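Overview (structure and organization)
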Amino acid sequence: MKRRTLGAGSEGASTTYHSFLLEAVSTASNTFKCLENIEGIVQDPLLLSYCFAREIDEIEDNRAFRKNEKIDLMNKLRSMLYGDRQSAIDLERRFCEVRPTEKKFEFLLHNTVRLYEAHESMPEEVKKLNRTYLGEMTIGLRSEGIRNYYNFEGYHQYCENTTGLIGNLIAKTFRYGGILNDKDIKKVMPYPESTEIGKNPAYDWGISIQVFNDIRDVIDDHKVGMHKWPKILFDKKNINYQDLIDVKETKKIFDDLEMEIDSLIEEDYLLKTEKNNELNRLQMKIEGVEGVHDEMCQDARAFYLKGLDFIDAIPIDKSRAKEVFGGITAVVGATGRVVSASEFLYDESKRNITKYEFCEIFRICNKLALEKRDFREFLTHVLEKPAENYKI
């Protein structure tokens, strides 16, 4: 089938809801704010999808909601997708009663009824896509045991219900808007039922976002009792999650002990032996933590690189989808570079890219799009070096 001709926002939400969606996304996310640059009928569906995904994340991450209530709230959100206004009212009321995970999400959460109304104003095809993919996310995240995973296989199943399905939803939204055609969809979602890496680039693209985020947010997640890294990684290294959290202090103790040992005289043989044994124990713990961190980063990197096939499939056209999602992907890759560095474990400030690099990423993607150049080289570059070092 041919790609659909793009119009200026036709078939989207009404002007009132369009403005609301723009404000909700720009308030909640610096990265996804760039969706305001998308042209044509896909803009409102993409903004809407982000808002619903953000509310699903809030239910999942907010510790004010206990297990049974999370299930109830997921059910209400799914009912919203099927036209149940009362569920939207109930969900908004509950969001207003608790503190959001971040202040910037408050505007969206406190306007859940407006989000419901925006969804109801969408074409039926858009609503059907949201019911399929966002609805599946709510079903997955309310499942018993979805968070009690041990290995990467279980972890990836969890990630499927947070961002993996979002990759598929975006691909299908592009198909709705005519940015991708049926042939393109077969490239980016050739085996839509498979969750194996390398089978579906759109899915892999989504998973990479979650894994890099889970690396970046490990300290914040721990503070609220959430441990997302697969337990098998720690068992293999004979360490535990607390060792990961405490590695900065462990390294300081190691460095101080090493200096103390160097200052001991030869006659202190027994004391020196005892302290060397302790030094070796600390070194093994540090190396274990660094090994776990490296395995997580390698997993995220593998999904990221496979997900680039999704970005390759997006054409450079007047929708600006290639430019926008190329920029989002580059932010993910650059963040991945920062959190993959060993310094990340020992310095909490080393978890985000600089504002300058953030701006450079979108400047470069704009230039690549204007010159109709390939994005892959740049998107692999940011995994290794800052965007400002890329020669364009």
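Conventions we followed
Residues numbered from 1 in each chain as written. Predicted model: local features only at pLDDT ≥ 70, side-chain atom pairs only at ≥ 80, totals over all residues. Heavy atoms only, no water. Helix = DSSP H or I, 4+ residues; strand = E, 2+ residues; numbered from the N terminus. Rg over C-alpha atoms; globule rule 2.2 N^0.38 Å. Buried < 20%, exposed > 50% of the residue type's maximum accessible area, 1.4 Å probe, protein only. Contact = heavy atoms within 4.5 Å. Areas by Shrake-Rupley, 256 points an atom, 1.4 Å probe, with all protein chains shown as cover. Lys, Arg positive; Asp, Glu negative; His and termini not counted. Charge placed at Lys NZ, Arg CZ, Asp CG, Glu CD. Core = buried A, V, L, I, M, F, W, Y, C linked by side-chain atoms within 4.5 Å. pLDDT = per-residue confidence, 0-100. Axes fitted to C-alpha atoms, helices over the stretch in contact; angles between N-to-C directions. Parallel < 35°, antiparallel > 145°, perpendicular 65-115°, else oblique. Left-handed = near helix turned anticlockwise from the far one by under 90°. Nonpolar A, V, L, I, M, F, W, Y, C, P; charged D, E, K, R; others polar. Disulfide = S-S within 2.5 Å. Salt bridge = Lys/Arg side-chain N within 4 Å of Asp/Glu carboxyl O.

1. What to know about the overall build of the protein
Across its full length, the protein carries 18 helices and 0 strands. Here the C-alpha atoms of the protein give a radius of gyration of 23 Å, agreeing with the 21 Å that 2.2 N^0.38 yields for 392 residues. Structurally, the protein occupies a C-alpha span of about 85 × 50 × 35 Å along its principal axes. Put simply, the protein has 392 residues, and 53% of those count as buried. Contacts in the protein between residues at least 24 apart in sequence constitute 72% of all its contacts with a sequence separation of at least 6. A total of about 18200 Å² of accessible surface is found on the protein, and carbon and sulfur atoms cover 48% of it. Put simply, the protein has 58 plus and 68 minus side-chain charges, and the middle of one group is 6 Å from the middle of the other.

2. Observations concerning the nonpolar core
Within the largest apolar cluster, 126 residues are counted, with the highest numbers of intra-cluster contacts made by L35, F174, I215, F310, F325, I361 and F378. When residues in this core are grouped by element, the largest group, 14 residues, is from helix 15 (residues 269–313). When sequence neighbours within four positions are dropped, the list of residues in contact with F325 reads L35, I38, L46, I170, F174, W205, I311 and I314.

3. Observations regarding the confidence of the model for the protein
When the pLDDT values of the protein are averaged, the result is 94; 96% of them are 70 or greater. Contacts for the low-pLDDT stretch residues 1–10, under 50 throughout, to residues beyond four places or in other chains number 25 contacts.

4. Some points on unusual backbone geometry
The phi angle at N238 is positive, at roughly 60°, despite the residue not being glycine. Relative to the elements of secondary structure, N238 occurs in the loop between helix 12 (231–236) and helix 13 (241–245). For N238, a relative accessible area of 74% corresponds to the exposed category. If you check the backbone angles, K372 has positive phi at about 55° while not being a glycine. With respect to the helices and strands, the residue K372 is situated in the loop between helix 17 (355–370) and helix 18 (376–381). When its relative accessible area of 62% is taken as the criterion, K372 is described as exposed.

5. A word on the packing of helix 15 against helix 16 (residues 321–340)
Interaxial distance between helix 15 and helix 16 falls to 11 Å at its minimum, and their mutual angle equals 165°. As far as their axial angle goes, helix 16 and helix 15 are roughly antiparallel. The element helix 15 and its partner helix 16 pack so that their crossing is left-handed. For the pair formed by helix 15 and helix 16, the contact residues are H293, C297, Y304, L308, I311 and D312 on the first element and K322, F325, G326, T329, A330, V332, G333, V339 and S340 on the second. Per-class residue counts for the contact of helix 15 with helix 16 are 8 nonpolar, 5 polar and 2 charged.

6. What to know about the environment of L108
Along the chain, the position of L108 falls in helix 5 (residues 106–109). In sequence terms L108 and Y133 are 25 residues apart; their C-alpha atoms lie 20 Å from each other. Aside from chain neighbours lying at most four places away, what touches L108 is A24, C51, R54, E55 and L115.

7. A look at the state of the cysteines
By definition, a disulfide links the sulfur atoms of two cysteine residues through a covalent bond. As enumerated under the stated definition, the model contains 0 disulfides in all. Of all cysteine sulfurs, the one in C159 lies closest to C297, which takes part in no disulfide; the gap is 14 Å. When its relative accessible area of 5% is taken as the criterion, C297 is described as buried.

8. Some thoughts on the environment of H119
Locating H119 in the fold gives a position in helix 6 (residues 112–120). Taking relative accessible area as the criterion, H119 reaches 0% and is therefore assigned buried. Sequence separation between H119 and T132 is 13 residues, and the spatial gap between their C-alpha atoms is 14 Å. Beyond its immediate sequence surroundings of up to four residues, H119 is in contact with L48, F52, M80, L81, K127 and N130.

9. Considering the pattern of salt bridges
Throughout the structure, instances matching the rule amount to 33 salt bridges. For R131, the salt bridge identified is with E124, shortest N-O distance 3.0 Å. On the basis of relative accessibility, which here comes to 17%, the residue R131 falls in the buried class. Look at E124 and you get partly exposed, because its relative accessible area is 48%.

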